[in-house]
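Commentary on secondary and tertiary structure
Here's the letter readout for the chains.
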Amino acid sequence: MGTSTLCKSASDLQVLVVSGKKMLQDFIQLSWKINQTDPMWVPPLKKDICDFLDPKRHPFYEFGSAQAFIAYRGKEPVGRILVSDDPQLNERKGTNFGAWGMFECIDDVEIARALFKTAYEWSHSHFGRTQLIGPMNYSTNYEMGLLIKGFDTPQRFGMNHNPPYYEQLVKAAGLVECQGLYAWWFPRSQEMLAKWAKRMDWILKRSQITCRTFDKKNFEQDIQLCRNIYNISLRDNWNYAELSDKEIALMAKQLIQFADSKHIFLAFDGDKPVGFSITIPDLNEAIKPLNGNLFPFGFLKFLYYRRKIKTCRMMVLCIDPNYRRRGISELLVIRTLQYGLDAGYENGELSWTYRDNDAVNTIIERCGGFPYKEYGIYEYTLPSN
């Protein structure tokens, strides 16, 4: 990474390419400066951020590119942004955009404008992109969305959280909302489960649909089944990026560390896999007390607090398009809720779904969920003046 100054103004504001350990530390630590007084924010693990941004460690860089920028006013870090490019996605979708993410900024429009202008110019000069879309850390397969509703609830694992002023800040910087996301909440409800359990039994008895949990003994086989359904079910979604083999391998490795295989369900029509769901404990409940530091003693704290987790998050729900509207989504949701209750979880989040995906959102509402957080996706094009 170079060290050239890409933006400088009379107010002593500079936007620089992140280069070296000191600038990377400033980039990471800015999250604490912006969010540390927010009781709902969960400090991310600093090691995870370093690994995520490291081209030698993250498989995205085998086919994509990214650059981190940090804004200084004088010597003080005041803003940051990550811009990335996925050429495979743009070629397959016929689009021409870069992605922006990992945005942090003090409440200052000048800084936000400088960050987005610099990110756009990098994307345009390197790849000819004509717009930026985000927040999206690399692609839709990773953290995305700017929180715009639900600031009074805790940040869940794998989901973004930000100050309320960010929405107005990005709009003032020239961005326009182009998509929206919901996070759904499932309160503990034996009555709802009992109602749906009877209906699920009725569906199963009158079809060849079966449902089982993930088989650790056939780990590679079940991972491949999930990957195939994942790509088939989502390939027509807005800006969906297919996962590479190494991205799948990394996610599977992380999954097996933290997920309960009994909370991963696969649905079949006879022998054909047609859907699956993945639910994990809300690890943020165990990560928050660590304040970003896993070592030297944070790991012991993590193990202690992990036993006290009371919330789970359904992070994946995928159905083969040829098998939608046949009760399979409901089956996976209800099986997930049933196991969650038996395992001692008090509540659950399902996230995320697109705001305009009425078919999926209606199913979730019927199963007892309600949207309790909302996220925006915003598009940036270079202003004409």
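Conventions and cut-offs
Residues numbered from 1 in each chain as written. Predicted model: local features only at pLDDT ≥ 70, side-chain atom pairs only at ≥ 80, totals over all residues. Heavy atoms only, no water. Helix = DSSP H or I, 4+ residues; strand = E, 2+ residues; numbered from the N terminus. Buried < 20%, exposed > 50% of the residue type's maximum accessible area, 1.4 Å probe, protein only. pLDDT = per-residue confidence, 0-100. Contact = heavy atoms within 4.5 Å. Patch = residues over 30% accessible without salt bridge, like charges linked within 9 Å, V, L, I, M, F, W, Y side chains within 5 Å. Areas by Shrake-Rupley, 256 points an atom, 1.4 Å probe, with all protein chains shown as cover. Salt bridge = Lys/Arg side-chain N within 4 Å of Asp/Glu carboxyl O. Lys, Arg positive; Asp, Glu negative; His and termini not counted. Charge placed at Lys NZ, Arg CZ, Asp CG, Glu CD. Phe/Tyr/Trp six-rings, centres within 6.5 Å; stacked < 30°, edge-to-face > 60°. Pairing = 2+ DSSP bridges. Core = buried A, V, L, I, M, F, W, Y, C linked by side-chain atoms within 4.5 Å. Polar contact = N/O pair within 3.5 Å; in protein donor to acceptor, adjacent residues only side chain to side chain.

So, on to unusual backbone geometry. The amide bond that connects Gly134 to the next residue, Pro135, takes the cis arrangement and shows omega of 0°. If you trace the backbone, Pro135 turns up in the loop between β6 (131-134) and β7 (146-149). Here Asn239, not a glycine, exhibits a phi torsion of approximately 55°, which is positive. Take Asn239: it is sitting in the loop between α7 (219-234) and α8 (245-258). A residue is classified by how much of its surface remains accessible, and Asn239, at 8% relative accessible area, is buried. Its identity is not glycine, yet Asn291 carries a phi of approximately 55°, on the positive side. Residue position: Asn291 is located in the loop between α9 (284-287) and α10 (298-306).

This next bit is on the confidence of the model for the chain. On average, residues of the chain score 91 in pLDDT, and 96% of them are at 70 or above. Note on residues 1-6: pLDDT under 50 across the span, and 16 contacts to partners over four residues away in sequence or across chains.

Taken together, the side chains of Arg188, Arg307, Lys308 and Lys310 define a basic patch exposed on the protein surface. Mapping Lys308 onto the fold places it in the loop between α10 and β12 (311-319).

Our next topic: the pattern of salt bridges. All chains considered together, the criterion is met by 18 salt bridges. We note a salt bridge from Lys149 to Glu374, for which the minimum N-O separation is 3.5 Å. Remark: Glu374 occurs in strand β14 (residues 370-380) and Lys149 occurs in strand β7; sequence separation between them is 225 residues. When the shortest N-O distance is used, the salt bridge between Asp222 and Arg212 registers 2.9 Å.

We now examine the packing of aromatic side chains. For any pair of aromatic rings, the description consists of the separation of the ring centres together with the inter-plane angle of the planes. According to the stated counting rule, one finds 25 aromatic pairs in the structure shown. Note on Tyr120 and Tyr380: the rings are 5.9 Å apart at their centroids and 65° apart in plane angle, and the pair reads as edge-to-face. Of this pair, Tyr120 sits in helix α4 (residues 109-127) while Tyr380 sits in strand β14, and the two are 260 residues apart along the sequence. Exposure class is identical for Tyr120 and Tyr380. Each is buried. When the ring of Trp122 is compared with that of Phe127, the centres are 5.6 Å apart and the planes differ by 65°; the resulting orientation is edge-to-face. Of the residues examined, Trp122 reaches a relative accessible area of 10% and is grouped as buried. Residue classification places Phe127 among the partly exposed residues on the basis of a relative accessible area of 30%.

On to the pairing of strand β11 (residues 272-281), then. Most of β11 sits inside the fold, with 8 of its 10 residues counted as buried. With 6 bridges connecting them, strand β10 (residues 264-269) and β11 associate as antiparallel partners. Counterpart to Leu266 in the pairing with β11 is Phe276. One ladder, built from 7 bridges, connects β11 with β12; its direction is antiparallel. Counted as the bridge partner of Pro281 is Cys312 from β12.

What follows concerns the nonpolar core. In this structure, Ile81, Trp100, Phe103, Leu115, Phe116, Val170 and Leu175 are the most contacted members of the largest nonpolar core, which totals 31 residues. With residues near it in sequence (within four places) discarded, Trp100 still touches Ile81, Leu82, Phe116, Leu132, Ile133, Gly134, Pro135, Met136, Val170, Leu175 and Tyr378.

Considering the arrangement of structural elements, one finds Arg80 in strand β4 (residues 76-85). For the buried residue Arg80, which engages in no salt bridge, the nearest side chain bearing the opposite charge is Glu104, 4.2 Å off. At 2.6 Å, the side chain of Arg80 and the backbone oxygen of Phe27 are in polar contact. Side-chain polar atoms of Arg80 contact the side chain of Ser31, separated by 3.3 Å. With residues near it in sequence (within four places) discarded, Arg80 still touches Phe27, Ile28, Leu30, Ser31, Phe69, Ile70, Met102, Phe103, Glu104 and Leu115.

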